[in-house]
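The primary structure of each chain is shown beneath.
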Amino acid sequence: PATWKAIKSSQPFDKLPIITLEDGTTIAQSAAIARWVAHFAGLLPDDPTAIARQDMIYEGAQELCSGKPTSGTNINPLCNILDPAGADFGAAKEIYLQNWPTARANFVSQLGGGAFFGGTAPMYSDFAIWHVCDNTRAIEPGALSGEPRLGEWFDRMRALPAVEEYLQGRPARGVGGAAKGGVGLPGSLMADWECTPP
């Protein structure tokens, strides 16, 4: 935390995440970084309209990853920051799960009959939606119940070799940093940090 305080004001928008390229260029903001990576990873279509659709779906996922930690509109603090035994966690979880059925229905609608949100192959929006679904399942294991297409898509994404490899290497910790067994769970990277919500 002391290191971040020392450099915060010199970073674009005074926030994380950031990525610093080999030439020294710094790119901030999650969506900008995701699109930059997607470009080089081949996770963007060629057609401008198809790119806009991917951006639309990605931003739909981002809506569930924004807001103050205790607002109940942001899944990330529920998995990474808030103490599952604390009152803030319970209140935020309740609000989040009240809104989840609408978000889940929107995801199903955008998935349509395709194997992936990108059609026949995963695109960068698939990874954004998968992140939200994975984190939501960490706080509510039945979060995908009742939507078999979304559940099947989730399993297809999880079975991608690179995703499977990542999950096997993710530390076996979970929501709020509580030690868990088995495959790593959301919250792994935050597990050993001492975080206080703003």
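Within each chain, residues carry numbers counting from 1 in the order of the written sequence. Given that this is a predicted model, residues contribute local features only at a pLDDT of at least 70 and side-chain atom pairs are listed and counted only at 80 or more, while totals for whole chains, interfaces and linings are drawn from all residues. The side-chain figures draw on all heavy atoms in the structure; neither hydrogens nor water molecules are used.

## Side note on the side chain of glutamine 54
We count a stretch as a helix when DSSP gives it H or I for four or more residues in a row; a strand needs E for two or more, and each element gets its number in order from the N terminus. When you line up the elements, glutamine 54 lands in helix α3 (residues 48–62). Note on exposure labels: buried denotes an accessible area under 20% of the residue type's maximum, exposed denotes more than 50%, and partly exposed covers the range between, all computed with a 1.4 Å probe on protein chains only. With a relative accessible area of 3%, glutamine 54 lands in the buried category. Contacts: residue pairs with any heavy atoms within 4.5 Å of one another. Those residues in contact with glutamine 54 that lie beyond four places of it in its chain are Pro45, Phe117, Gly118, Met123, Tyr124 and Ser125.

## Some remarks on the packing of aromatic side chains
Aromatic pairs are defined between Phe, Tyr and Trp rings, using the six-membered ring for Trp, whenever the two ring centres lie within 6.5 Å; interplanar angles under 30 degrees are classed as stacked, those over 60 as edge-to-face, and all others as tilted. Overall, the coordinates contain six aromatic pairs when judged by the stated rule. Ring geometry for phenylalanine 117 versus tryptophan 153: centroids 5.1 Å apart, planes at 90 degrees, classification edge-to-face. On the criterion of sequence distance, the pair formed by phenylalanine 117 in the loop between α5 (87–111) and α6 (124–139) and tryptophan 153 in helix α7 (residues 148–158) is long-range, its members being 36 residues apart. Overall, the relative accessible area of 2% leaves phenylalanine 117 in the buried class. Among the aromatic residues, those joined into a cluster by ring pairs are Tyr96, Trp100 and Phe107. Charge-over-ring placement is defined geometrically: NZ (Lys) or CZ (Arg) within 6 Å of the ring centre, and within 35 degrees of the ring normal. Positioned above the aromatic ring of phenylalanine 116, the side-chain terminus of arginine 156 is 5.8 Å from the ring centre.

## Brief notes about the nonpolar core
Among the nonpolar cores identified, the biggest contains 37 residues, and Trp100, Phe107, Cys133 and Trp153 are the most heavily contacted of them. When residues of this core are traced back to their parent elements, those giving at least two are α2 (30–41), α3, α4 (75–80), α5, α6, α7 and α8 (161–169). Counting residues per element, this core draws most heavily on α5, which supplies eight residues. Among all residues touching tryptophan 153, those that are not within four sequence positions of it are Leu111, Ala115, Phe116, Phe117, Asp126, Ile129, Trp130 and Cys133. Here, nonpolar core refers to any group of buried Ala, Val, Leu, Ile, Met, Phe, Trp, Tyr and Cys residues whose side-chain atoms link them within 4.5 Å.

## Let's talk about unusual backbone geometry
The omega torsion across leucine 16 and proline 17 is 5 degrees, close enough to zero to call that bond cis. Following the sequence through the fold, proline 17 ends up in the loop between α1 (2–7) and β1 (18–20). One non-glycine residue, phenylalanine 13, lies in positive phi territory at about 65 degrees. With a relative accessible area of 61%, phenylalanine 13 lands in the exposed category. With a phi close to 80 degrees, glutamine 29 is a non-glycine residue in the positive phi region. By the secondary structure assignment, glutamine 29 is in the loop between β2 (26–28) and α2.

## Details of the packing of α3 against α6
Between two packed helices, both the angle of their axes relative to each other and the distance between the axes serve to describe the pair. As a packed pair, α3 and α6 sit with axes 8 Å apart at the nearest point and diverge in direction by 15 degrees. Taken together, the axes of α3 and α6 lie roughly parallel to each other. Considering how the two elements wind past one another, α3 and α6 form a crossing that is left-handed. Contact residues: Gln54, Asp55, Ile57, Tyr58 and Ala61 in α3; Tyr124, Ser125, Ala128, Ile129 and Val132 in α6. Of the residues contributing to the contact of α3 with α6, the split by class is seven nonpolar, two polar and one charged. With axes taken as lines fitted to C-alpha atoms, and helix axes fitted only over the stretch in contact, angles between N-to-C directions fall between 0 and 180 degrees. Reported orientations rely on four angle classes, namely roughly parallel under 35 degrees, roughly antiparallel over 145, roughly perpendicular from 65 to 115, and oblique for the rest. Rotating anticlockwise by less than a right angle from the far helix to the near helix defines a left-handed crossing, while the corresponding clockwise rotation defines a right-handed one. Under the convention adopted here, Pro, Cys and the residues Ala, Val, Leu, Ile, Met, Phe, Trp and Tyr are nonpolar, Asp, Glu, Lys and Arg are charged, and Gly plus all remaining residues are polar.

Remember that the coordinates give geometry; whether it matters functionally is a separate question.
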